[in-house]
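Below are the chains, spelled out letter by letter.
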Amino acid sequence: PAYSTYGVVEAPPEDKVEVVSNGNGSDQLFIYPKLGQSEEQQARDRYDCHVWARSETGFDPTLPNGGVPQQQHASKRADYFRAMKACLEARHYSVQ
């Protein structure tokens, strides 16, 4: 009870495993606070920037295919990540 534990389970059967790759690179941004922002502030800034980037680009990485038609996926995804980076940099983060 004083600490977390985990349990080991069997792997799913091979026919139940699906590997999906969009081939468009990583969906991960590496964000470093420049002004010693607290973890709480970092989470708030990330969320605010996500909401703004989503509204500016029409792309939502939490939805299947970003919520856009397949033919727009790559360009809208790139726009979303550029918007996220710009927003976070304006809030004094280094973004890679």
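Not measured: the values here are computed from a predicted model.

K.L.:
What is the right way to look at the overall build of the chain in this model?
P.N.:
Each helix and strand in the chain was counted, giving two helices and two strands. Put simply, the chain shows about 7,400 Å² of open surface, and 52% of that area lies on carbon and sulfur atoms.

K.L.:
Hey, could you run me through the nonpolar core in this one?
P.N.:
In globular proteins that are soluble, nonpolar side chains generally tend to be buried together. Membership of the largest hydrophobic core comes to 14 residues, with the highest contact counts inside it found for Leu29, Ile31, Tyr80, Met84, Leu88 and Val95. Counting only elements with at least two residues in this core, the list comes to α1 (39-57), α2 (73-90) and β2 (93-95). Per-element tally for this core: the top contributor is α2, with six residues. Contact partners of Val95, with chain neighbours within four places excluded, come to Leu29, Phe30, Ile31, Lys85, Leu88 and Glu89.

K.L.:
For this particular structure, what's the right way to read the environment of Gln28?
P.N.:
In this fold, Gln28 is placed in the segment before β1 (31-33). Counting along the chain gives 53 residues from Gln28 to Phe81, while the straight-line C-alpha distance between them is 9.2 Å.

Cut-offs applied
- Numbering of residues begins from 1 in every chain and follows the order in which that chain's sequence is written.
- Local features in a predicted model are, by the rule used here, given only for residues with pLDDT of at least 70; side-chain atom pairs are given and counted only at 80 or more, and totals for whole chains, interfaces and linings are based on all residues.
- Values shown for side chains rest on all heavy atoms present in the structure; no hydrogens or waters enter the calculation.
- Numbering goes from the N terminus for both helices and strands, where a helix is a DSSP run of H or I of at least four residues and a strand is a run of E of at least two.
- Exposure was quantified through the Shrake-Rupley algorithm and a 1.4 Å probe, taking into account, for residues, occlusion by the shown protein chains and nothing else.
- To define a nonpolar core, start from buried Ala, Val, Leu, Ile, Met, Phe, Trp, Tyr and Cys residues and group those joined through side-chain atoms within 4.5 Å.
- Each residue's exposure class comes from its accessible area (1.4 Å probe, protein chains only) as a fraction of the maximum for that residue type: buried when under 20%, exposed when over 50%, partly exposed otherwise.
- We call two residues contacting when some pair of their heavy atoms lies within 4.5 Å.

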